[in-house]
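This is what each chain is made of:
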Amino acid sequence: MSGGPKNKKLFIILGLVVIVAIIVVAALMTQKDEESSALGGESSNSLGVKSVSEDIPADAQAYVPDNVVLDEEGEAIIPEALVDAMVAVVGANPITTDGTVVTPAGEAVQNDVMPMSPKAPKQTSSLAVEELPVSVVKLDVSAAGFEPAEISVKAGAPVTIAITSADDFAHVFIFDDSVLSAIAIGVPPHETSAITFNSPVEAGEYTFHCDVPGHAARGEVGKMIVK
Ligand SMILES: [Cu+2]
């Protein structure tokens, strides 16, 4: 057959072109994946499942914004950071998928500002202590002091502390170190309130006390050990 070798050559060339094209497309797709995950700030595995920080408590629940802003089509506008955010308890600050405690506007909270200021983590309204998730660090405070008076948390992790007034007095939980000045919880008699914040990245002991005059002096003091 004349033209046989010519056809064979043509097929080989075509085959090579196809192989090169497949390699180029595969390379482009990989690059695109890397770009999109870099832009999103979140990593995705090969199945496209967003990875979530292992520091987020397993018993956290989905965050439901208080005030939902709607766009012209009636769709909720949710800041990127708040998509898939969780809360440890209702009314506490949301925790993003990477484990950062943020404001309702989606910005990282600041632990060293005035308590209750816009960027400070907010304490919840009154909670039922028996309904608190296991992951919440629970402290009773009374004239007898804090119980427990010593707690341990992981450095940099989202931590939720709940304070219960266990007597007929109001109490105010507050840290001594200014790096945690924003973390404050005031509780009326026999009530419970919580606050969520990222623990300091620096390991060490962070002492706290009750800020009601006379209470620290009678023993309402304790410490948080950051490991
Ligand atoms: Cu007190």
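Everything below is about the structure printed above this text.
Note that this is a predicted model, so its numbers are computed, not measured. (Residues numbered from 1 in each chain as written. Predicted model: local features only at pLDDT ≥ 70, side-chain atom pairs only at ≥ 80, totals over all residues. Heavy atoms only, no water.)

A. Highlighting the sheet that holds strand β9 (residues 171-175). Judged by pairing direction, the sheet is mixed, and its five strands sit side by side in the order β7-β13-β12-β9-β10 without closing on themselves. Strand pairing shows two members of the sheet lacking a second neighbour, β7 (150-153) and β10 (184-187), which therefore form its edges. Across this sheet, the average inter-strand angle for adjacent strands is 20°, counted without regard to direction. As paired strands, β9 and β10 are joined by four bridges and run antiparallel to one another. Looking at β10, one finds that His171 is bridged to Val187. (Pairing = 2+ DSSP bridges. Helix = DSSP H or I, 4+ residues; strand = E, 2+ residues; numbered from the N terminus. Axes fitted to C-alpha atoms, helices over the stretch in contact; angles between N-to-C directions.)

B. Geometry of unusual backbone geometry. In this structure, Pro148 follows Glu147 across a cis peptide bond, with omega equal to -5°. Here Pro148 is to be found in the loop between β6 (145-147) and β7. For Asp84, which is not glycine, the phi dihedral falls at a positive 70°. Along the chain, Asp84 falls in the loop between β3 (76-77) and β4 (86-87). The phi angle at His190 is positive, at roughly 60°, despite the residue not being glycine. Considering the arrangement of structural elements, one finds His190 in the loop between β10 and β11 (192-198).

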